[in-house]
Amino acid sequence: MGARPRRRRAPAAAAATAAAAPGPLGALLAAALLAAAGAQQSATVANPVSGASLDLLPHFQLEPEDVYIVKNKAVSLACRATPATQIYFKCNGEWVHQGDHVTQHSTDRGTGLPVMEVHIEVTRQQVEKIFGLEEYWCQCVAWSSSGTTKSKKAFVRIAYLRKNFEQEPMAREVSIEQGIVLPCRPPEGIPPAEVEWLRNEELVDPALDANVYVTPEHSLVLRQARLADTANYTCVAKNIVARRRSASAAITVYVNGGWSTWTQWSGCSTSCGRGWQKRSRTCTNPTPLNGGAFCEGQNVQKTACTTLCPVDGAWSEWSKWSVCGAECTHWRSRECSEPAPRNGGRDCHGPELDTRNCTSELCSHAAPGVEDVALYVGLVAVAVCLVLLLLVGVLVYCRKKGGLDADVADSSILTAGFQPVSIKPSKADNPSLLTIQPDLSTATMTYQGSLCPRQDGPAKLQLPNGHLLSPLGAGRHTLHHSSPATEGADFVARLSTQSYFRSLPRGTTNMAYGTFNFLGGRLMIPNTGISLLIPPDAIPRGKIYEVYLTLHKQEEVRLPLAGCQTLLSPIVSCGPPGVLLTRPAILAMGHCVEASAENWSIRLKKQSCEGTWEDVLQLGTEPCTELYYCQLEAQACYIFTEQLGRFALVGESLSMAASKRLKLVLFAPAACPSLEYNIRVYCLSDTQDVLKEVIQLEKQLGGQLIGAPRVLHFKDSYHNLRLSIHDMPSSLWKSKLLASYQEIPFYHIWSGLQPFLHCTFTLERLSPSTCELACKIWVWQVEGDGQSFTVNFNIAKDTRFSDWLVPDSEVGAPALVGPSAFKIPFLIRQKIISSLDPPGTRGADWRTLAQKLNLDSHLSFFASKASPTAMILNLWEARHFPNGNLSQLAAAVAEVGKQDGALFAVSEAEC
């Protein structure tokens, strides 16, 4: 603010104005002005040049500037004016006391005019007196004979800088070449703080690095992140009072990995037959840095290859010696044709033609025609022999065909798949009862005997004349069945007396058996999720079959798997294989696949009559035969089959996203008499039967469950499964594991043929009194899914997980026959079938029922059967027994619109 000249006033007026100033200062100013006026008049007469100079208004050569008080140090304000006779400071409208002014007088050498300079000091206390009201300011007022001039205002402020930043930079991880903005809002302060940036304690100078600039809001901007920009960044704020530093922000510039190109395919792993070849790539284009993501996808690809096996040549038999020639030699030959060399095989070694003297070197010539006579005699003899052999063969065939009994043929069909046939005599109380002995051995892959029905089997099964297959009488049908509680031991003893029965390697807990007729029934292997539903009328009326259901040990059944195939379910047998079923039975069993069409190709395999495994159904495609169908759900599958036999569900992964469910279970000893303590971590296929086996095994070992089982999704990525133990109190326990983790190879898990895979962590107590164990166990697939167990229990008395161990008594009835095996009463079932099987006028038929039960994806299969409604109800029975809600089914049927409320009002006696 520049000096403001004022209009010249008369000396008397000026004196009056000065007199108005407060206190003694006003009186002094008045006297001074009057004296100056008198002097001016005298000077005007005596020195006209000097009078001219005094007519000028004062102007400021130095005006007071804004200042800041730092801590408690006073500040000085100064002003200088010429020509001036008096200069005084006025602060916040009040005159500063004359005694607080320090005045200096001088003369301007250039103009000869008087110069006056004044200084005052302002303290922190003076400023704080008006704190909050207004800002503290001071102004100079200079006088001359011509008037007064005021300087600009100078503000006096107390300087400070608060400690806390309003916004600090935050640590970040960014991809290379990505832009970075690090915000910084400095602490409040007077004067405002200046901001600078440090990188690893070195000043960042935007003038030296074009990739860096600082915004007006003090944010640091990196246009494109470089690896060299990985550092700790600090925002520094400073003013005249203090210098503040923000918390350092760690910036990590990472590089995501990229795949290199694939290598060439390797040679086939086998030099003969089916093998594998692979190619690989590495995550080095670029290599992941600073925590960058590893390349997604598989680093190894495998494909099947077939190499033609080299076949070495072999000689055929020598031909007969030729007739002795005129040269007294005869010869014989052979060919390299049994087999001929191919596919790079070696040729035969040795001579192709052999000659020798035929007269012991006494050459004698045979009479003409003798050789021809011998040849003709030989041909006639051979022809006679062939005719005799043909006659003998015809006679034997006729005798066998004429001696076959129809009943025996039927029995051979029913007993197909077993060892040498042995038919039990009929029970005395029911001559119509047919009892078939199942082969429950799992020691080999093949059945003892033929599994294939004879060509004339179906025709003979329709004949009612055989005493074994004669229909029941017209009177009441008597249903025979065996109760495991009363007849189980007798059944096993009875089987063991037969010549073809070898052993029950898994005991009766893994098999069920019962005797069924046209009313149907159900077999269940307790605590495994495996059951066989025989619907009503599946067994022809007049027939009674003894049916079995067996769960096999995976390690004893050699199921061949090729390529990326894996076993997804237990291997289950139901039989006898040759029995005639008029409607499909439903075999239910668990599986461990996370099914999706883009990741899996799932097939149902059945063991053929020759003992080989055949694909009978590919899930997700139209079945090639109506004999088999499969409903795949989240954790179980339901197999419709009209031919009993041995089944398994096998999958082939189509991508690395294909995954199986593993059940992770932790066991430890229930008693620990020594210092050592073992924790066993089982990695099982997520099916009930495997968990049941492990629980039974741990009961024998004296183990207890120490944590709730967890599920892990194991992918087809060729990566192993790792297990490690952590956070164990070192003052109480120590681990004897030498490495940081244990591993289970990928193929051991993926094949599914090794059911009880586990790792053991051996721990040692440092004191016998230590009973509390706390640790964490991690189980994860490399670059895949993982699970952690928090173990915290008392090894001496903790039994909180004992409920997971199912008591042997809670096994349920393995065999249910007749109406007791079904939730839907028989009469209601028949009414539903008769009502919904015929096509409805407005679609109110079995199709609508399938939609209500979320089974509309199987309409084509249901439509292929004589009674689609019966198939739907059978599947409902298999899925919902024994805890199914019959009311929900009734509501679904009622919604179809063709059933009235009285349909379900049938009394129990009527059913």
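Our subject is the structure listed above.
This structure is a prediction, so every number in the text was calculated from the model and none was measured.

Parameters and conventions
- Residues numbered from 1 in each chain as written.
- Predicted model: local features only at pLDDT ≥ 70, side-chain atom pairs only at ≥ 80, totals over all residues.
- Heavy atoms only, no water.
- Helix = DSSP H or I, 4+ residues; strand = E, 2+ residues; numbered from the N terminus.
- Buried < 20%, exposed > 50% of the residue type's maximum accessible area, 1.4 Å probe, protein only.
- Pairing = 2+ DSSP bridges.
- Axes fitted to C-alpha atoms, helices over the stretch in contact; angles between N-to-C directions.
- Salt bridge = Lys/Arg side-chain N within 4 Å of Asp/Glu carboxyl O.
- Phe/Tyr/Trp six-rings, centres within 6.5 Å; stacked < 30°, edge-to-face > 60°.
- Lys NZ or Arg CZ within 6 Å of the ring centre and 35° of its normal.
- Disulfide = S-S within 2.5 Å.
- Expected span 1.5 Å × (residues − 1).
- Contact = heavy atoms within 4.5 Å.
- Arc of directions from axis to C-beta.

Got a minute to help me understand unusual backbone geometry in this structure?
Peptide bonds are mostly trans, and most non-glycine residues show a negative phi. Omega for the peptide link from Ile190 to Pro191 comes to -5°, which places this bond in the cis form. Looking at the element boundaries, Pro191 is found in the loop between β14 (189–190) and β15 (194–199). A positive phi angle is found at Asn200, which is not glycine, with a value near 50°. Counting through the fold element by element, Asn200 comes out in the loop between β15 and β16 (202–203). Its relative accessible area of 43% is what places Asn200 among the partly exposed residues. Of note, His218 is a non-glycine position whose phi angle comes to about 75°, a positive value. Note that His218 resides in the loop between β17 (212–214) and β18 (220–222).

Looking at this structure, I do not really get the sheet that holds strand β4 (residues 75–82). What am I missing?
Sheets are built from strands that pair by backbone hydrogen bonding, the pairs being arranged parallel or antiparallel. With antiparallel pairing, four strands are arranged side by side in an open sheet as β2-β4-β8-β7. Pairing within the sheet leaves two strands with one partner each, and these edge strands are β2 (59–62) and β7 (102–107). Here the average twist between neighbouring strands, direction ignored, is 25°. Of the pairings in the sheet, the one linking β4 to strand β8 (residues 114–122) comprises seven bridges and is antiparallel in character. Looking across to β8, one finds that Leu77 is bridged to Ile120.

What is the right way to read the pattern of salt bridges from this model?
Pairs can form between side chains of opposite charge whenever their charged atoms are close. As enumerated under the stated definition, the model contains 31 salt bridges in all. Among the salt bridges present, the one from Lys736 reaches Glu676, with a minimum N-O distance of 2.4 Å. Residue Lys736 is found in the loop between β43 (733–735) and β44 (742–744), and its partner Glu676 is found in strand β39 (residues 676–685); the two are separated by 60 residues along the sequence. Lys736 sits in the partly exposed class, given a relative accessible area of 38%.

What is the right way to read the packing of aromatic side chains from this model?
To describe a pair of aromatic rings, you give the distance between the ring centres and the angle between the ring planes. On inspection of all chains with the given rule, the structure shows 18 aromatic pairs. Ring centres of Trp600 and Trp750 lie 5.6 Å apart, and the angle between their planes is 15°; on these two criteria the pair is classed as stacked. With Trp600 in strand β33 (residues 600–607) and Trp750 in helix α10 (residues 746–750), the pair connects residues that are 150 residues apart, well separated along the chain. Considering the side-chain rings of Tyr629 and Phe861, the 4.2 Å spacing of their centres and the 10° angle between planes classify their relative orientation as stacked. Highlighted residues: Tyr629 in strand β35 (residues 628–632) and Phe861 in helix α13 (residues 859–863), separated in sequence by 232 residues. Taken together through their ring pairs, the aromatic side chains of Trp600, Phe714, Tyr718, Phe746, Tyr747 and Trp750 make up a single cluster. Residue placement shows Arg332 over the ring face of Trp318; its charged tip is 4.5 Å from the ring centre. In this structure, Lys660 packs its charged tip against the face of Trp750, placed 5.7 Å from the ring centre.

Which parts of the structure should I look at to understand the state of the cysteines?
Note on terminology: disulfide describes a covalent bond linking the sulfur atoms of two cysteines. The full count for this structure, using the stated rule, is seven disulfides. Paired by a disulfide, Cys324 and Cys358 hold their sulfur atoms 1.5 Å apart. As the torsion about the S-S bond is roughly 40°, the Cys324-Cys358 disulfide counts as right-handed. Of the two residues, Cys324 sits in the loop between β23 (300–307) and β24 (329–333) while Cys358 sits in the loop between β25 (353–357) and α5 (370–402), which places them 34 residues apart along the sequence. By relative accessible area, which is 33% here, Cys324 ends up partly exposed. Relative accessible area serves as the criterion here: at 24%, Cys358 is assigned to the partly exposed category.

I keep staring at helix α9 (residues 688–701) and nothing clicks. Help me out?
Side chains that are three or four residues apart share a direction in an α-helix, a result of its 3.6 residues per turn. The end-to-end C-alpha distance of α9, which contains 14 residues, comes to 20 Å, matching closely the 20 Å that a straight helix rising 1.5 Å per residue would cover. The complete set of buried residues in α9 reads Asp689, Val690, Leu691, Lys692, Glu693, Val694, Ile695 and Glu698. On its buried face, α9 sits against β27 (521–525), β28 (530–534), β29 (545–551), β38 (659–669), β39 and β40 (703–705).

Can you walk me through the sheet that holds strand β36 (residues 636–641) in this structure?
Pairing in this open sheet of six strands is antiparallel, and the strands run β35-β36-β32-β28-β27-β48 from one edge to the other. Edge positions in the sheet fall to β35 and β48 (815–817), since each has one partner strand and no second. Each strand of the sheet is rotated relative to its neighbour by a mean of 15°, with strand direction disregarded. With six bridges connecting them, strand β32 (residues 585–590) and β36 associate as antiparallel partners. Of the residues in β36, the one forming a bridge with Met589 is Cys637. Set on the sheet, helix α14 (residues 868–880) makes contact with β27, β28, β32, β35 and β36; between it and β36 the angle comes to about 140°.

So what exactly am I meant to see when it comes to helix α11 (residues 826–836) here?
Those residues of α11 that sit buried are Ile828, Arg829, Ile832, Ile833 and Leu836. End-on view of α11: buried residues confined to an arc of 135°, all on one side of the axis. In this fold, the buried residues of α11 make contact with α12 (846–852), α14 and α15 (886–896).

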